[in-house]
Amino acid sequence: MAVGIKSLAAFSILLAAQAIQPSAPNPIASPLRRLHWGQLNFLHTTDTHGWLAGHLQEPSYSADWGDYVSFATRMRELAESRGQDLLVIDTGDRVEGNGLYDSSEPKGVYISEILRQQHIDVMSSGNHELYKKNTSEAEFLNTVPNFQGHYLASNIDIFHPETGELVPLAPRFKKFTTRIQGIRIVAFGFLFDFTMNYNNTIVQPVEDTVKESWFQQAVHDQEVDLFLVVGHVPVRSKEYDAVFKAIRASHPTTPVQFFGGHYHIRDCAQYDSSAFGLASGRFMETIGFMSIDGLRTGNTQLSNSTSPVFERRYIDNNLFSFHHHTGLDKDTFPTEQGQNVSRLIQESRSALRLDEIYGCIPQDLWMSRTPYNAENSIYSWLEKRVLPDMLKDESRSGKSAFAIVNTGAIRFDLFKGQFTRDSAFIVSPFTSGFRYLKDVPYDKAKLILQVLNAQPKIFQGSQDVNGPPFWRLAPPGQAAYDHEVHAGQKNYDKIVLDAPTDQTPMFSTSYTQLEIIPGYTTRDDLGSDGDDTVHSPIGFYQVPNCIGGPIFNTESAVLETVDLVYVDFIEPYVAAAAKFARLDIHVPRDSDVYMPSTALTDIIIKWVKDNWSCAS
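Residues numbered from 1 in each chain as written. Predicted model: local features only at pLDDT ≥ 70, side-chain atom pairs only at ≥ 80, totals over all residues. Heavy atoms only, no water.

Asks: Pulling in residues and values, what's your account of the overall build of the protein chain?
Replies: For the protein chain, the helix and strand inventory stands at 16 helices and 21 strands. Relative to its full complement of 616 residues, the protein chain shows a buried share of 61%. The long-range fraction of contacts in the protein chain, counting pairs at least 24 apart against all pairs at least 6 apart in sequence, stands at 78%. Accessible surface, the protein chain as shown: approximately 23700 Å² in total, 48% of it carbon and sulfur. (Helix = DSSP H or I, 4+ residues; strand = E, 2+ residues; numbered from the N terminus. Buried < 20%, exposed > 50% of the residue type's maximum accessible area, 1.4 Å probe, protein only. Contact = heavy atoms within 4.5 Å. Areas by Shrake-Rupley, 256 points an atom, 1.4 Å probe, with all protein chains shown as cover.)

Asks: Any chance you could break down the state of the cysteines for me, citing the residues and the numbers?
Replies: Considering all chains together, one arrives at 1 disulfide under this definition. The disulfide that involves Cys360 links it to Cys614, with 1.9 Å between the sulfurs. Judged by the sign of its S-S torsion, about 95°, the cystine formed by Cys360 and Cys614 is right-handed. Here Cys360 is found in strand S15 (residues 357–361), whereas its partner Cys614 is found in the segment after helix H16 (600–611), with 254 residues between them in sequence. For Cys614, a relative accessible area of 33% translates into the label partly exposed. (Disulfide = S-S within 2.5 Å.)

Asks: Help me get a handle on the sheet that holds strand S8 (residues 201–203), residues and values and all.
Replies: The strand order across the open sheet built from 3 strands is S5-S4-S8, with neighbouring strands paired in antiparallel fashion. The open sheet is flanked by strand S5 (166–168) and S8, the only strands paired with a single partner. Neighbouring strand axes in the sheet, compared pairwise and without regard to direction, differ in orientation by 30° on average. Alignment of strand S4 (residues 156–159) against S5, held across 3 bridges, turns out to be antiparallel. Along S5, the bridge assignment pairs Asp157 with Pro168. Its contacts with the sheet place helix H5 (residues 133–146) against S4, S5 and S8, and it is angled at close to 100° to S4. (Pairing = 2+ DSSP bridges. Axes fitted to C-alpha atoms, helices over the stretch in contact; angles between N-to-C directions.)

Asks: Can you lay out the pairing of strand S6 (residues 173–177) for me, pointing to particular residues and giving the numbers?
Replies: What you see with S6 is a clean split: Lys174 and Phe176 sit on the buried side and Phe173, Lys175 and Thr177 on the side with no burial. What sits between the antiparallel neighbours S6 and strand S7 (residues 184–191) is a turn of 6 residues, in which Gly182 has the positive phi angle 70°.

Asks: How would you summarise the nonpolar core if you had to cite specific residues and measurements?
Replies: In terms of nonpolar packing, the biggest core is built from 80 residues, with Leu43, Trp65, Phe71, Phe188, Phe215, Val229 and Val243 touching the most fellow members. Examining the composition of this core, we find that 7 residues originate from one element, helix H2 (residues 65–81), more than from any other. Contact partners of Phe215, with chain neighbours within four places excluded, come to Phe188, Phe190, Thr209, Val210, Val243 and Ala246. Formed by 37 residues, the second largest nonpolar core is a distinct cluster that contains Ala401, Ile551, Ile603 and Ile604. (Core = buried A, V, L, I, M, F, W, Y, C linked by side-chain atoms within 4.5 Å.)

Asks: I'd like a rundown of the side chain of Ser136, residues and numbers included.
Replies: Locating Ser136 in the fold gives a position in helix H5. Not counting chain neighbours up to four residues away, the residues in contact with Ser136 comprise Glu129, Leu130, Ile158, Leu169, Asn200 and Thr201.

Asks: I'd like a description of the packing of aromatic side chains, backed by residues and values.
Replies: Under the criterion given, the structure shown has 32 aromatic pairs. An angle of 65° between the planes, with centres 6.1 Å apart, marks the rings of Phe412 and Phe415 as edge-to-face. By relative accessible area, Phe415 is classed as buried at 12%. Measuring from centroid to centroid gives 5.3 Å for Tyr436 and Tyr594, while their planes differ by 65°, and the two rings are edge-to-face. One end of the pair, Tyr436, is in strand S18 (residues 434–441); the other, Tyr594, is in strand S21 (residues 592–594), and 158 residues separate them in sequence. Residue Tyr436 shares its accessibility class with Tyr594, and that shared class is buried. An aromatic cluster of at least three residues, connected via ring pairs, comprises Trp51, Phe283, Trp366, Phe412 and Phe415. The cationic tip of Lys174 hangs over the ring face of Phe176; the distance from NZ or CZ to the ring centre is 4.7 Å. Directly above the ring of Tyr358 sits Lys609, whose terminal nitrogen or CZ lies 4.7 Å from the centroid. (Phe/Tyr/Trp six-rings, centres within 6.5 Å; stacked < 30°, edge-to-face > 60°. Lys NZ or Arg CZ within 6 Å of the ring centre and 35° of its normal.)

Asks: How would you explain the packing of helix H11 (residues 378–390) against H16 if you had to name every residue and give the values?
Replies: As a packed pair, H11 and H16 sit with axes 10 Å apart at the nearest point and diverge in direction by 90°. The angle between H11 and H16 falls in the class roughly perpendicular. Across the interface between the two elements, Trp381, Leu382, Arg385, Val386, Leu387, Asp389 and Met390 from H11 touch Leu600, Ile603, Ile604, Lys606, Trp607, Val608, Asp610 and Asn611 from H16. Per-class residue counts for the contact of H11 with H16 are 10 nonpolar, 1 polar and 4 charged. (Parallel < 35°, antiparallel > 145°, perpendicular 65-115°, else oblique. Nonpolar A, V, L, I, M, F, W, Y, C, P; charged D, E, K, R; others polar.)

Asks: Break down H5 for me, citing the residues and quoting the values.
Replies: An α-helical turn contains 3.6 residues, so any two residues separated by three or four positions project in the same direction. For H5, spanning 14 residues, the distance from its first C-alpha to its last is 19 Å, which sits close to the expected 20 Å at 1.5 Å a residue. The sharpest bend along H5 reaches about 35° and sits at Glu139. Regarding H5, the residues found buried are Thr135, Ser136, Glu137, Glu139, Phe140, Thr143 and Val144. Considering only its buried residues, H5 is in contact with helix H3 (99–102), strand S3 (122–123), S4, S5 and S8. (Expected span 1.5 Å × (residues − 1). Bend = angle between axes of the 7 residues up to and from the residue.)

Asks: Go over the pattern of salt bridges, please, and point to the residues and values.
Replies: Enumeration according to the criterion identifies 32 salt bridges in this entry. A salt bridge links Lys238 to Asp193, with the nearest nitrogen and oxygen atoms 2.6 Å apart. Separated by 45 residues along the polypeptide, Lys238 in helix H8 (residues 238–250) and Asp193 in the loop between S7 and S8 bring together distant segments of the chain. Between Asp439 and Arg396 there is a salt bridge, and its shortest N-O distance comes to 4.0 Å. Linking Asp439 in strand S18 with Arg396 in the loop between H11 and strand S16 (401–406), this pair joins segments that are 43 residues apart in sequence. Residue Arg396 is classed as buried on the basis of its relative accessible area, which comes to 18%. (Salt bridge = Lys/Arg side-chain N within 4 Å of Asp/Glu carboxyl O.)

Rendered as structure tokens:
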């Protein structure tokens, strides 16, 4: 069946198209599945973490935020030409993870202006917007006003930066009607039960929020065609279960559409025949597409026995996909606003010197595509090369150390080629420094690492309810694995990127002649055909919560006591593990700063400059 592009000649036109970022690679022509349009359609981003320039080393995800602005505009035009509606959704974690956000002073000054160029219909906060006081205040003072009437915060309060009064970060919910179909929607915006926010914000547990009078009043509204729940919440979670049950208590059959995030995965969950949830990946790799057909509205009355039809696609963020799904090409696709945004991104990157070269990477280093102790593992490189070479505090000269770094401190792969200022923020954007406990028995230090890596089994049933959630030590995708496995969820291969591809006749015969490149091969509750691009599978290996080991700063081969050095972010976890190891020490009272004013990113940069010089 033809799906818009009808000959290989058309492919050559698309191959010539590029994102406007000058160093972005051309997208690769690949087999594509068609979109299923409905009465109501959605585009969804989540966990973009500052990647608004797109992926400058990966063709599959090389479109930038300006291209997405054009894509959303063209998709809305297409929907409305068919008498349908399209809404744009974002579910948070827009900050931390890329030089475009992290390298400015103050952080985010460039990205705020770039983000606001996209029309977003409903959006929410992520946990990364709340870790620091200045970040949450910037969200309240800039992002919420920039998207006034569209930003929702159902369970987040903030102490007003000027008055000190505790106020909602944004409106709790809103009711609106779509322009074309007249669909009546009640929308909410949630954050999962986050407890590591700075003390200028309060996150109310979702299970408590749904008992609030305002929420109960909103869900008892009978003139509703669809409940829309957006949030920085995994689509398979106790939080969304609570919201779903609260809605179903007063609306047994009204359709409910959830949008989630946080786990950095592609996933679609079915709650019942009229309720689904979509998670759309991470880092501007994925534009989620969801459609609903068969909604009962004032304009369309269907029988009560008819259930709506939900469809989803995970669109690879590149111009080949964008052109195909809009039926346009390099000349007809771009909008003036989209091109202006792309130029703004380019100018911002230049002002921030993000292409400044620190060194050249000799080989690809992977987070999860290879075993963590393999030679091409980024964690093996960190554990065996970077930490032993760079973790040395002059005030502790001659004292050996035992280093512990959580694997979640690393956020992305390193690709062979130039290591730039941008690369440093991409691989580890956090400002966490190091702390240490002095004179810890060596066997106790090793035991603490073992305890941290035994999570969540070892603390299950005994962890203080106010203690740290141990699954957050690992990267989000790994955390999703732990959460699903220990919750007894079936079919985890929807997250592990090894599901078989599906080549049913949803694309033209010509497409089967195109190269199938590695990428997402997602399996979810709607099957294994959700990815718009047909990919070959990518391996996925579990990594430990933490890595580390001894650092010899003495000629003696025997270690009796060491400085236990760790990234300060994991101090609550170290404290809990120390108690379990029966270490007679109090954290943080007995801890101190190690290598003052030095973050993990700093030592990575210095190691690269010292060891990975570029050939002249």
